[in-house]
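Listed below, chain by chain, are the residues.
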Amino acid sequence: MDFNLNEEQQMLSDTIQRLVRNTYGFEQREAFYRSDTGDSPEFWRQLSELGITSVPIAQAYDGFGGSGVESMVVMKELGRGLCLESYLHSQIYGAGLVQQLGSPDQCQRILPAVAAGDCRLAVADEEAGSHYHVDRIECRATPCERGWRLNGRKRVVIGGERARYLLVTAHIDGTEGVSLFILDPKSEGVSRIGYPCADGPQACDLLLEDIYVEADDLLGHPGGALSALHYQRGRAMAAQCAEALGSMEEAFRLTLDYLKTRQQFGSPISGFQVLQHRMADMRGELELATSMTILAACVADDPGSGERSRKLTAAKFITARASQMIAEQAIQLHGGIGMTWEYALAHHAKRLVMLTHQFGDDDFHLGGYSALLDVPGRANHN
Amino acid sequence: MDIHFTPEEQAFRDEVRAFLTSELPADIASRVRLGRRLTKDDHLHWQRILNRRGWYAVNWPEAYGGTGWTVVQKHIFEEECAAFGAPRIISFGVNMVAPVIIRFGSEAQKSWYLPRILSGEDWWCQGYSEPGAGSDLAGLKTRAERDGDHYVVNGQKTWTTLGQHANRIFCLVRTDTSARKQEGISFLLIDMDSPGITVRPIITLDGEHEVNEVFFDNVRVPVGNLVGEENRGWTCAKYLLTHERTGQAGIGLSKAALAHLKDIAARERNGGGMLVDDPLFRARIAEVEMRLMAVEMSTLRILAATRDGGVPGAESSLLKIQGSEIRQAISDLTRKALGPNALPFLEEELNPGFDDFPLYRNYSAAPASQYFNLRKLSIYGGSNEIQKNIIAKRLLEL
């Protein structure tokens, strides 16, 4: 057992922490949010120059070949800075899907450019009625001459407006399972309706009306994407736990500082026991979330198994519960100032809660873990 | 980063398992698993088996007959013992007074008391809490006045666990009433058969005789039974409390209790089907298992940090809170799993001889009592509220 970062990981952590601190102050973030792109192309360029965009991508495709631990290190700092770029959905989730399902040609075409930061990916796997179940979708792919025709509507494709390629899930007519297609968003008939999410990042809805995709743009076999989607969502969940952890640490720090300085009834409010115990409770949740984030990072790249799924599901559950508790109590302990748009704490609270709306909230994962529950002598419910 | 045990640690786990498989008496393990009563002889029997193997005094330095195990090995040992249903180690002698004697005691005290703890000749109990000194331990009033070569002790101790079995008690007593609260306290070793000592049972809400009141009426204690310096007993007390707090997360016990809960849920019917298939109850088990996984990871992180020379701060208080809450949550679900079958309170069913004639199932008698008994977890060893004070004090630099 060793819970320390190695020297290289520590350097990575220091590098990105410094970059985020220097370029992602709260006022700068607000300016990025209000800009045309809704994020910072300059920050992305710096991530690329420092090689950070390449971290999760395999060495065979010009990546750094980092593990779940490297992803954790990066995401924690992006979370602390409330960064708006879709690093997780592009470099970890999207690139992971291409790497796992793609042919060598497809990987070669896409991944080196992603690693370099020259193009981004976005995954279109949620629909109005799917509610985190990637297999419960209505989008359809109909075979046609030399390819497929896609019809359907995807919701909340994070980073979808800035993505060079969209990875779109659909059922192929006449086949079981879920298929995954590479879609150029500039293809004829694709409409994107962009908007910011409640916690800041840009997303879009995707309308697909008889869109033609080439035969080459199917990732993997027809109907063969589901296990990769589950596996890569596991990696994404691990990374997202780290993103939440970075934000939780910052929300906790801001609250702690506030309690020490805010005066009421003639003394700092840190003197009130009810607030002291609330801080202790928050610290407890933070501790559990830290532990599960580390566990998730360490199993994220293990081969798929019931054990891996249980651990990642538990990590997401514990982190989601901790995120909401810390978000709500951080606002409560700040009082009115915690309710204002102009104070960073409020945006951490929003990020912490809205992160639970991606890849499944605590209830979804409670159900998931229930189904996977290991009861000796009995088959699980999955 | 690496969350795995080393091959050496895995091998150690196998060794512990092999030992428990061959040495732990099946009747004792069954009583532990089903929450039945254990006799003093059950405890002593298991202690002797452990001592024969050299695995009783796991926390002592090797020079005194300890194991020299790392904190990780100790954790593995505790986890496996709990999983196999070994009786818990009664800590007062081997894990509480002994470390204090080793750290602060005289050579004479070490050579007299330590071997008697190992052999089981001495059964120690703890004289800390008083009617007026619980969480505010330093408010204790039991007096020890010097009279020649003796201290004369007067006062009352309470919540003395298994004092009815003990032939010795270690006490915090007030030797200077004029000093500040913590500064007039001394650490005394007292023979329970001294004239003037009376032990009275306190029956707890589950009907058990586990704790006692101990009265001291002009009890004469040789000056040689003072550990460390007079009026410096608080140092010993604090040292001992840190020993008491480590391992309080009780991960092994929770895991064993959770396995028992799943077993019951898989055997209890719920109207038509089995309880474990009821979505709500299954989700409740799932939730507590996930929380336990998180607390276990936190424990491993602290163990690794301690192994590498770190001193746990607020973390050990957090673990005490979270570990006790989880054990209570599991005992809550275990009671609920039985539905109406948890209602009958037939004390005889908890006795060893009742094994063959259970009124319902052999596991159904204990859960309600155990649930009430385990309310103590969030009270003793520094109540969970005291732990939160400790955490907040560090966080807020109060």
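Residues numbered from 1 in each chain as written. Chains lettered and ligands numbered in written order. Predicted model: local features only at pLDDT ≥ 70, side-chain atom pairs only at ≥ 80, totals over all residues. Heavy atoms only, no water.

Chemist: Tell me about the interface of chain B and chain A, and please be specific about residues and values.
Modeler: With 41 residues of chain B at the interface, the matching set in chain A holds 50 residues. The junction of chain B with chain A conceals about 4,300 Å² of combined surface from both sides, 65% of it contributed by carbon and sulfur atoms. The largest contributions to the chain B side of the interface with chain A come from Met1(B), Arg282(B) and Met290(B), which together make up 20% of the buried area. At the junction of chain B and chain A, the tally comes to seven salt bridges. Ionic pairing is found between Glu397(B) and Lys260(A), a salt bridge with its closest N-O pair at 3.4 Å. Where chain B meets chain A, there are 20 residue pairs in polar contact (both at pLDDT 80 or more). If you list the elements that add at least two residues to the side of chain B that touches chain A, you get α8 (251–267), α9 (279–307), α10 (314–337) and α12 (384–396) of chain B. (Contact = heavy atoms within 4.5 Å. Buried area = accessible area lost by both parts, 1.4 Å probe. Salt bridge = Lys/Arg side-chain N within 4 Å of Asp/Glu carboxyl O. Polar contact = N/O pair within 3.5 Å; in protein donor to acceptor, adjacent residues only side chain to side chain. Helix = DSSP H or I, 4+ residues; strand = E, 2+ residues; numbered from the N terminus.)

Chemist: Give me the domain arrangement of chain A: which residues, what numbers.
Modeler: All names here are of chain A. The domains assigned to chain A are domain 1 (7–119), domain 2 (122–219) and domain 3 (226–374). Between domain 1 and domain 3, the C-alpha centre-to-centre distance is 22 Å. Of the roughly 2,300 Å² buried at the junction of domain 1 and domain 3 (both faces included), carbon and sulfur atoms supply 64%. Viewed at the interface, domain 3 and domain 1 are joined by two salt bridges. Our count for the contact surface shared by domain 1 and domain 3 stands at 10 residue pairs in polar contact (both at pLDDT 80 or more). At eight residues, the largest contribution of residues to the side of domain 1 that touches domain 3 is made by helix α5 (residues 87–101). Taken together, the residues of the side of domain 1 that touches domain 3 sort by class into 14 nonpolar, six polar and five charged. (Domains from an automatic or database assignment. Nonpolar A, V, L, I, M, F, W, Y, C, P; charged D, E, K, R; others polar.)

Chemist: How would you summarise the pattern of salt bridges if you had to cite specific residues and measurements?
Modeler: Residues and elements named next belong to chain A. Across all of its chains, the model carries 62 salt bridges over all chains by this definition. Across the pair aspartate 39 and arginine 120 runs a salt bridge whose closest N-O atoms are separated by 3.1 Å. Residue aspartate 39 is located in the loop between α2 (26–34) and α3 (41–49), and its partner arginine 120 is located in the loop between α6 (104–116) and β1 (121–124); the two are separated by 81 residues in the primary sequence.

Chemist: Provide a residue-level description of unusual backbone geometry, including the pertinent values.
Modeler: Residues and elements named next belong to chain A. The phi dihedral of tyrosine 132 is positive, around 75°, even though this residue is not glycine. Mapped onto the elements, tyrosine 132 comes out in the loop between β1 and β2 (140–144). Looking at tyrosine 132, the relative accessible area reads 9%, which means it is buried. With a phi angle near 55°, phenylalanine 265 is a residue other than glycine that sits in the positive phi range. (Buried < 20%, exposed > 50% of the residue type's maximum accessible area, 1.4 Å probe, protein only.)

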